[in-house]
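One-letter residues, chain by chain:
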Amino acid sequence: NSKVIQTPRYLVKGQGQKAKMRCIPEKGHPVVFWYQQNKNNEFKFLINFQNQEVLQQIDMTEKRFSAECPSNSPCSLEIQSSEAGDSALYLCASSLLDRQNTLYFGAGTRLSVL
Amino acid sequence: GDSVTQTEGLVTLTKGLPVMLNCTYQTTYSPFLFWYVQHLNEAPKLLLKSSTDNKRTEHQGFYATLHKSSSSFHLQKSSVQLSDSALYFCALRNSGTYQRFGTGTKLQVVP
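Described in the following lines is the structure provided in the data block. These figures come from a predicted structure and were not determined experimentally. (Residues numbered from 1 in each chain as written. Chains lettered and ligands numbered in written order. Predicted model: local features only at pLDDT ≥ 70, side-chain atom pairs only at ≥ 80, totals over all residues. Heavy atoms only, no water.)

1. Quick word on the layout of surface pockets
- In this structure, the largest pocket encloses a volume near 510 Å³.
- Looking at the lining of the largest pocket, the elements with two or more residues in it are β9 (88–95) and β11 (109–113) of chain A together with β10 (86–93) and β12 (105–110) of chain B.
- Its residues placed into classes, the lining of the largest pocket shows nine nonpolar, 11 polar and five charged. (1 Å grid on protein atoms, 1.4 Å probe; cavity = no way out; pocket = protein on both sides within 12 Å on 5 of 7 lines; lining within 4 Å. Points joined across faces, edges and corners; volume = space filled by probe spheres on them. Helix = DSSP H or I, 4+ residues; strand = E, 2+ residues; numbered from the N terminus. Nonpolar A, V, L, I, M, F, W, Y, C, P; charged D, E, K, R; others polar.)

Put into structure tokens, the structure is as follows:
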């Protein structure tokens with residue numbers, strides 16, 4: 001069973017609404033990743049954190065998404081104004097620091113934007 | 001730029017037959033390659049990984065060899081089972097901060 005906990009499992013929003021999802025990484029993992037998996041099962045990297053600091057993010061994330069990983073609280077990813085094209089499975093993963101290290105994924109939050 | 005290519009979208013096989021799922025990559029940096037498996041409605045999880053050229057790595061009956069000369073990391077199994085039906089993703093980590101995933105291959109094993 002996954003030790004990365006994502007909530008909620010399902011999220012339904014109307015266009016223009018905010019959508020917020022949370023992730024508790026595996027204990028001891030300083031790096032957290034968010035990926036979007038679309039209906040064709042393709043993964044798109046969104047943003048990652050080392051502890052509370054952003055390591056890297058793509059343009060889309062900078063413009064319409066906000067994310068944080070506060071100390072002693074779950075990480076979160078929020079879409080400020082949902083669009084139909086945002087409907088997808090949002091996967092959170094955590095890892096140790098080294099680039100060889102495995103990503104441990106949560107089960108995801110499935111967002112449907114109506 | 002860096003990329004990962006998985007050529008088969010869907011592979012359907014009869015139980016007991018061998019399988020090879022293709023993965024090739026492009027990068028100018030020293031690569032670290034991963035295979036993840038995602039069963040229906042479950043989290044993706046690591047199957048195996050490697051950064052060592054020409055060394056076979058194995059886990060749960062699956063195996064792969066990183067060949068830097070051909071930029072490949074194909075996943076193989078000698079005899080597939082019904083429980084192997086899942087999505088399989090190849091991923092590349094180079095000098096960047098995240099793993100880049102291929103488009104995935106759906107493996108369907110039939111009786």
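From this point on, the discussion continues.
2. Things to note about the pattern of salt bridges
- With the rule as written, the count across this model stands at four salt bridges over all chains.
- In this structure, A:D86 and A:R64 form a salt bridge, with 2.6 Å as the shortest nitrogen-oxygen distance. Of this pair, A:D86 sits in the loop between β8 (75–79) and β9 while A:R64 is found in helix α1 (residues 59–64), placing the two residues 22 residues apart along the sequence. As far as the burial class goes, A:D86 and A:R64 line up, both buried.
- Residue B:K77 is joined to B:D84 by a salt bridge in which the shortest nitrogen-to-oxygen separation is 2.7 Å.
- When salt bridges with common partners are traced through the structure, they connect A:R64, A:E83 and A:D86 into a single cluster. (Salt bridge = Lys/Arg side-chain N within 4 Å of Asp/Glu carboxyl O. Buried < 20%, exposed > 50% of the residue type's maximum accessible area, 1.4 Å probe, protein only.)

3. Remarks on the interface of chain B and chain A
- Each partner contributes residues to the interface: chain B has 20 residues there, and chain A has 23 residues.
- In this assembly, chain B packs against chain A so that about 1800 Å² is buried in total across both faces, 55% of it on carbon and sulfur atoms.
- Three residues, B:T97, B:Y98 and B:F101, lead the burial of chain B against chain A; their summed loss comes to 28% of the area buried on that side.
- In this assembly, chain B and chain A are joined by zero salt bridges.
- Of all the elements in the fold, those that place two or more residues in the side of chain B that touches chain A are β5 (32–38), β6 (45–50) and β10 of chain B.
- When residues of the side of chain B that touches chain A are assigned to their parent elements, the largest contribution, four residues, is made by β5(B).
- Looking at side-chain class alone, the side of chain B that touches chain A contains 11 nonpolar, seven polar and two charged residues. (Contact = heavy atoms within 4.5 Å. Buried area = accessible area lost by both parts, 1.4 Å probe.)

4. Some details on the nonpolar core
- Core analysis: the biggest nonpolar cluster contains 24 residues, and B:L33, B:W35, B:L47, B:L48, B:L75, B:Y88 and B:L107 have the highest contact counts within it.
- Of all the secondary-structure elements, those providing two or more residues to this core are β2 (10–14), β3 (19–21), β5, β6, β8 (62–65), β10 and β12 of chain B.
- The biggest single contributor to this core is β10(B), with four residues.
- Other than its neighbours up to four places away in sequence, B:L75 contacts B:V19, B:M20, B:L21, B:W35, B:L47, B:L48, B:F62, B:Y63, B:A64 and B:Y88.
- One finds A:V4, A:W34, A:Y90 and A:V113 within the second-largest nonpolar core, a separate group that totals 20 residues. (Core = buried A, V, L, I, M, F, W, Y, C linked by side-chain atoms within 4.5 Å.)

5. Quick word on the state of the cysteines
All names here are of chain A.
- Applying the stated rule across the entire model yields three disulfides over all chains.
- The side chain of C23 participates in a disulfide bridge whose partner is C92; the two sulfur atoms lie 1.9 Å from each other. Because the torsion about its S-S bond is -65 degrees, the bridge between C23 and C92 counts as left-handed. Here C23 is found in strand β3 (residues 19–24), whereas its partner C92 is found in strand β9, with 69 residues between them in sequence.
- We classify C23 as buried; its relative accessible area is 0%.
- Taking relative accessible area as the criterion, C92 reaches 0% and is therefore assigned buried.
- Each disulfide pairs two cysteine sulfurs, and for C69 the partner residue is C75, the sulfurs being separated by 2.0 Å. Between C69 and C75 the disulfide shows an S-S torsion of about 110 degrees. By sign, it is right-handed.
- Overall, the relative accessible area of 3% leaves C75 in the buried class. (Disulfide = S-S within 2.5 Å.)

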